[in-house]
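Examination of the molecular architecture
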Amino acid sequence: MKKILTTCVYCGCGCGLYLHVDEGKVIGASPSRKSAASRGKLCIKGWLSGDFVNHPDRLSYPMIQRGERQIRASWDEALSLVASGLKGMGPSAVGVLTSAKGTNEENYLFSKLARAGFKTNNVDHVARLCHAPTVAGLSYAFGSGATTNPISSLEEADAILVVGSNTTEQHPLVASYVLKARSKGAKLIVADPRRTQIASLADIHISPRPGTDVAWINSLLNSIIKEGLADRDFITKRTMGFEAVKESVLSYAPEIVEAICGVPAEVLREAALAYGSADKASIIYAMGITQHTTGTDNVQALANLALATGNLGRPGTGLYPLRGHQNVQGACDMGALPDLYPGYQKVVDANARAKFEKGWSTKLPKGPGLTAVEMIQSAETGKIKGLLIIGENPMVSYPDRSSVQRALEKLEFLAVCDIFPTETSKLADVVLPAASFAEKEGTFTSTERRIQRIRKAVDPPGESRSEWEVAAELLRRLGVPGDYSSPAEVMEEISSMAPNYGGVTYRRLGAASLQWPCPSRDHPGTGIMYIEKFPIGLARFRPVDHMEPVEGPDGEYPLLLTTGRSMYHFHTGTMTRRSPLLDREVPSPFVEVNSEDASRAGLRNGQKALVETRRGQLQLEVKVSPGVPKGILFMPFHFSEAPANLLTGASLDPSSKIPELKISAARLRKVSP
């Protein structure tokens with residue numbers, strides 16, 4: 001039995017593990033003790049990360065649409081159709097959706113394919129649905145939209161504020177450092193409408209009404225300033241704009257905010273004192289803070305809190321946006337965004353554009369492209385006519401499923417590259433079979449900016465290919481240089497084009513890792529950012545004010561539906577629902593309901609209920625839960641047979657363009673036998 005060192009394919013923790021291989025098949029996984037992230041530990045999904053690799057549902061040969069059926073085709077025919085079908089539509093009518101499950105090298109090449117091959121900046125990926133507000137908000141505040149410190153730094157914190165993150169279930173290895181800090185005396189403050197597992201372990205639990213995050217965060221800053229806990233020296237020497245923020249939070253006294261968000265004033269004051277008086281305080285957040293029409297403002301409010309208390313640039317401090325996919329950070333780094341080239345260089349910057357035109361030997365489009373959700377919306381109106389989708393399943397993950405289906409069906413040409421058949425691939429004109437993480441070489445970048453190798457353990461099934469090979473072949477067919485012999489060669493090009501990856505090579509990575517920024521071959525990488533300065537000079541405060549959600553409860557829809565994850569599943573369930581042990585734990589969709597709301601609807605635990613919003617309705621099993629507040633419904637989004645996105649709306653944050661996935665006005669009624 002062989003053991004192949006690689007990196008986990010699930011969340012953004014970046015845990016190192018070994019895939020165990022016998023007779024050419026992955027038969028198990030075990031943790032790597034040398035991994036900087038996991039240090040010899042894995043969560044349940046990590047232990048079972050190889051389960052789906054050998055599943056009989058794997059796509060193994062290209063398919064093309066013929067009449068009402070998808071039939072087998074050669075790679076040459078399939079790739080020719082993709083290249084000609086999309087190129088002929090013109091730059092403004094084409095879009096590319098890359099994958100956060102793909103490697104850095106693959107995301108770089110698909111970003112290059114969109115811009116140099118199809119001449120469009122219409123390129124995006126799933127970060128638009130999770131951490132687009134982080135890129136926008138932290139880039140403005142600090143000059144970089146990424147985690148500020150290594151995860152291990154959390155262990156040194158004196159106080160940790162966890163916001164909108166069910167950390168013990170969704171990022172267990174991160175939670176282990178949080179719990180170590182708490183065992184040493186750190187105060188743990190958790191803000192989440194639900195009483196999640198980590199909330200039950202907290203010293204202080206803030207349970208705000210969904211959509212009121214700016215209000216209660218401003219209230220914490222109000223109390224911190226009033227109690228004289230602001231770090232005046234840090235503010236004076238390293239920031240700008242504090243006075244405007246100080247003025248704006250005057251109207252967010254705890255008693256006023258209690259009426260807005262439903263959190264008692266004394267709880268808000270207690271949390272402010274715990275965070276503000278700590279010598280070293282950290283902030284962890286996830287999609288509970290970002291998936292709102294105010295997502296960018298929510299992130300800025302947290303940045304204001306850290307800046308006002310000087311909690312940056314030291315061990316035990318900083319902001320930790322926890323990434324949901326294992327390489328959503330890397331996909332952003334590689335320019336899989338409509339307004340940024342690799343390395344976060346702006347497409348509107350003439351100097352940056354000239355650099356990439358020289359490096360890629362072709363002219364490039366000038367203006368920012370459409371975001372992922374905007375591409376789908378434009379497909380429904382007919383503006384976007386062709387899409388190339390790599391490793392994403394918009395039919396289950398994008399908001400307002402009915403409109404997504406109408407959009408995809410209206411396309412003149414749709415190509416999908418994936419490892420399994422999906423609800424999206426069923427609508428495709430061309431389906432390309434991809435290699436999984438266990439069947440290729442490359443790198444992932446974790447939530448802490450840690451760049452790590454993945455290694456080929458087994459051969460892909462049938463005729464499946466690595467996505468970097470697919471992208472390279474499409475580049476060649478479109479007349480763009482794409483003669484790469486390996487992912488290592490692609491990384492050499494990345495390091496020459498993206499300054500924050502300038503010192504990254506496969507030789508340097510070896511069995512270890514590097515954290516960016518790593519600008520040169522002799523640079524050791526950067527663990528803690530902003531120790532002495534910010535990339536933008538002075539960090540920037542920005543006043544933010546509470547705005548009510550686009551859709552709130554009313555007489556017709558008196559409840560609020562919010563969505564999230566289960567410990568045992570991952571996003572749209574394409575991989576975890578093909579792992580028997582994981583699917584056994586949570587085999588079917590459900591809705592969590594407060595006991596009072598259940599009683600009012602005449603429902604008991606285990607009965608079927610109809611959950612309705614203005615977009616649609618789903619029949620779900622009821623789980624009466626004491627952890628869900630009155631007036632709130634919670635459902636996971638992993639189940640294609642009961643897709644949560646059938647119920648969610650598509651209102652967008654005006655800055656980052658993330659859709660509002662956490663709040664939908666809903667109603668609940670009993671299903672008659």
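Residues numbered from 1 in each chain as written. Predicted model: local features only at pLDDT ≥ 70, side-chain atom pairs only at ≥ 80, totals over all residues. Heavy atoms only, no water.

This part covers the sheet that holds strand E24 (residues 590-593). The mixed closed barrel is built from six strands, whose spatial order is E23-E27-E24-E26-E25-E28. On average, each strand axis in the sheet is tilted by 45° relative to the strand beside it, whichever way the strands run. Strand direction decides the pairing type here: strand E25 (residues 608-612) and strand E28 (residues 664-670), joined by four bridges, are antiparallel. Bridge pairing in E28 links alanine 609 to lysine 670. (Pairing = 2+ DSSP bridges. Helix = DSSP H or I, 4+ residues; strand = E, 2+ residues; numbered from the N terminus. Axes fitted to C-alpha atoms, helices over the stretch in contact; angles between N-to-C directions.)

Enumeration according to the criterion identifies 38 salt bridges in this entry. The partner of lysine 440 in a salt bridge is glutamate 467, and the shortest N-O contact between them spans 3.8 Å. Placement of lysine 440 in the loop between strand E18 (430-433) and strand E19 (442-445) and of glutamate 467 in helix H20 (residues 467-477) is noted, with a sequence separation of 27 residues between them. One exposure class covers both lysine 440 and glutamate 467, and it is buried. The salt bridge partner of aspartate 583 is arginine 577, with a shortest N-O separation of 3.4 Å. Overlapping salt bridges, with partners in common, bring together Asp76, Glu473, Arg476, Arg477 and Asp483 in one network. (Salt bridge = Lys/Arg side-chain N within 4 Å of Asp/Glu carboxyl O. Buried < 20%, exposed > 50% of the residue type's maximum accessible area, 1.4 Å probe, protein only.)

Where burial is concerned, the two faces of E19 agree: the one with Gly442 and Phe444 and the one with Thr443 and Thr445 are both buried. Sheet topology places E19 next to strand E20 (residues 450-454); four bridges connect them, and they run antiparallel. By the bridge assignment, phenylalanine 444 is partnered in E20 with glutamine 452. Joining the antiparallel neighbours E19 and E20 is a turn of four residues, in which arginine 449 adopts a positive phi near 65°.

The domains assigned to the protein chain are domain 1 (2-47), domain 2 (63-125 + 326-515), domain 3 (148-321) and domain 4 (559-670). For domain 1 and domain 2, the distance between their C-alpha centres works out to 26 Å. Contacts between the two partners involve 18 residues from domain 1, matched on the other side by 17 residues from domain 2. The tally of links between domain 1 and domain 2 comes to zero salt bridges. When residues of the side of domain 1 that touches domain 2 are traced back to their parent elements, those giving at least two are strand E1 (2-7), strand E2 (16-22) and strand E3 (25-31). Ranked by residues supplied to the side of domain 1 that touches domain 2, first place goes to E1 with four residues. Tallied by class, the residues present in the side of domain 1 that touches domain 2 amount to twelve nonpolar, five polar and one charged. (Domains from an automatic or database assignment. Contact = heavy atoms within 4.5 Å. Nonpolar A, V, L, I, M, F, W, Y, C, P; charged D, E, K, R; others polar.)

This next bit is on the packing of helix H16 (residues 350-360) against helix H21 (residues 487-497). Helix-helix packing: each pair is described by the crossing angle between the helix axes and the interaxial distance. Running from amino to carboxyl end, H16 crosses H21 at an angle of 150°, the nearest separation of the two axes being 11 Å. It follows that H16 is roughly antiparallel to H21 by the angle criterion. Helix-helix and strand crossings are classified by hand; for H16 and H21 the assignment is right-handed. Every residue of H21 that contacts H16 at Lys355, Phe356, Gly359 and Trp360 is listed here: Glu493, Ser496 and Met497. Of the residues belonging to the contact of H16 with H21, the class tally is three nonpolar, two polar and two charged. (Parallel < 35°, antiparallel > 145°, perpendicular 65-115°, else oblique. Left-handed = near helix turned anticlockwise from the far one by under 90°.)

Counting 158 residues, the largest nonpolar core has Phe142, Leu161, Trp216 and Leu388 as the members making the most contacts within it. Apart from the residues within four sequence positions on either side, tryptophan 216 is in contact with Leu161, Val163, Ala191, Ile206, Pro208, Val257, Cys261 and Leu268. Counting residues in hydrophobic clusters, the runner-up holds 53 residues, among them Ile384, Leu408, Val593 and Ala609. (Core = buried A, V, L, I, M, F, W, Y, C linked by side-chain atoms within 4.5 Å.)

Let's shift gears to the pairing of E20. In terms of residue burial, E20 counts as a mostly covered element, since five of its five residues are buried. As judged from the two bridges shared by E20 and strand E21 (residues 514-515), these two strands associate in the antiparallel manner. Along E21, the bridge assignment pairs isoleucine 451 with leucine 514.

Summed over the entire model, instances satisfying the criterion amount to ten aromatic pairs. Consider the rings of tyrosine 341 and phenylalanine 356, whose centres lie 4.6 Å apart with planes at 25°: the pair is stacked. Note that tyrosine 341 is positioned in strand E14 (residues 340-341) and phenylalanine 356 in helix H16, a separation of 15 residues in sequence. When its relative accessible area of 0% is taken as the criterion, phenylalanine 356 is described as buried. (Phe/Tyr/Trp six-rings, centres within 6.5 Å; stacked < 30°, edge-to-face > 60°.)

Turning our attention to the sheet that holds strand E9 (residues 187-191). Spatial ordering of the open sheet is given by E10-E9-E8-E12-E13, a layout of five strands whose pairing is parallel. This sheet does not close on itself; its edge strands, each paired only once, are strand E10 (204-206) and strand E13 (318-321). Between one strand axis and the next, the sheet turns by 15° as a mean value, whatever way the strands run. Sheet topology note: the strand E8 (residues 159-163)/strand E12 (residues 281-285) ladder contains five bridges and is parallel. Bridged to alanine 159 within E12 is alanine 281. Set on the sheet, helix H12 (residues 265-276) makes contact with E8, E9, E10 and E12; between it and E10 the angle comes to about 125°.

The subject of this paragraph is helix H19 (residues 401-410). Of all the positions in H19, only Arg401, Ser403, Val404, Ala407 and Leu408 are classed as buried. Each buried residue of H19 sits inside an arc of 160° when the element is viewed along its axis, so together they form one side. Close packing links the buried residues of H19 with helix H17 (372-381), strand E16 (386-390) and helix H18 (394-397). (Arc of directions from axis to C-beta.)

Time to look at the layout of surface pockets. The volume enclosed by the largest pocket comes to roughly 1100 Å³. If you go around the largest pocket, you meet 41 residues; those closest to its centre are Ser139, Gly143, Ser144, Gly145 and Tyr344. The element that contributes the greatest number of residues to the lining of the largest pocket is helix H4 (residues 132-142), accounting for five residues. Looking at the lining of the largest pocket, you find at least three residues from each of domain 2 (63-125 + 326-515) and domain 4 (559-670). (1 Å grid on protein atoms, 1.4 Å probe; cavity = no way out; pocket = protein on both sides within 12 Å on 5 of 7 lines; lining within 4 Å. Points joined across faces, edges and corners; volume = space filled by probe spheres on them.)

The next thing to look at is the packing of helix H3 (residues 104-117) against H20. Viewed as axis vectors pointing N to C, H3 and H20 meet at an angle of 20°, and their least axial separation amounts to 9 Å. With respect to H20, the axis of H3 lies roughly parallel. Classified by chirality, the crossing of H20 by H3 is left-handed. Here Glu106, Leu109, Phe110, Lys112 and Leu113 of H3 come into contact with H20, specifically with Glu467, Trp468, Ala471, Leu474 and Leu475. Split into classes, the residues belonging to the contact of H3 with H20 amount to seven nonpolar, no polar and three charged.

Attention now goes to the side chain of glutamate 439. Summarising the element assignment, glutamate 439 is placed in the loop between E18 and E19. At a separation of 2.8 Å, a polar atom in the side chain of glutamate 439 contacts the side chain of arginine 58. Here glutamate 439 is in contact with Val53, Arg58, Lys456, Val458, Asp459, Pro460, Pro461 and Ser466, once residues within four sequence places are set aside. (Polar contact = N/O pair within 3.5 Å; in protein donor to acceptor, adjacent residues only side chain to side chain.)

Next up on the list: the side chain of glutamate 592. Mapped onto the elements of the fold, glutamate 592 is located in strand E24. Of note is the side chain of glutamate 592, whose polar atom sits 3.4 Å from the side chain of arginine 194. With residues up to four places along the chain from it excluded, the contact list for glutamate 592 reads Arg194, Lys623, Ser625, Val628, Ile632, Leu633 and Phe634.

Before going further, it helps to examine helix H8 (residues 213-226). The end-to-end C-alpha distance of H8 is 20 Å, a good match for the 20 Å that 14 residues give at a rise of 1.5 Å each. Among the 14 residues in H8, 13 count as buried, and that is most of the element. (Expected span 1.5 Å × (residues − 1).)

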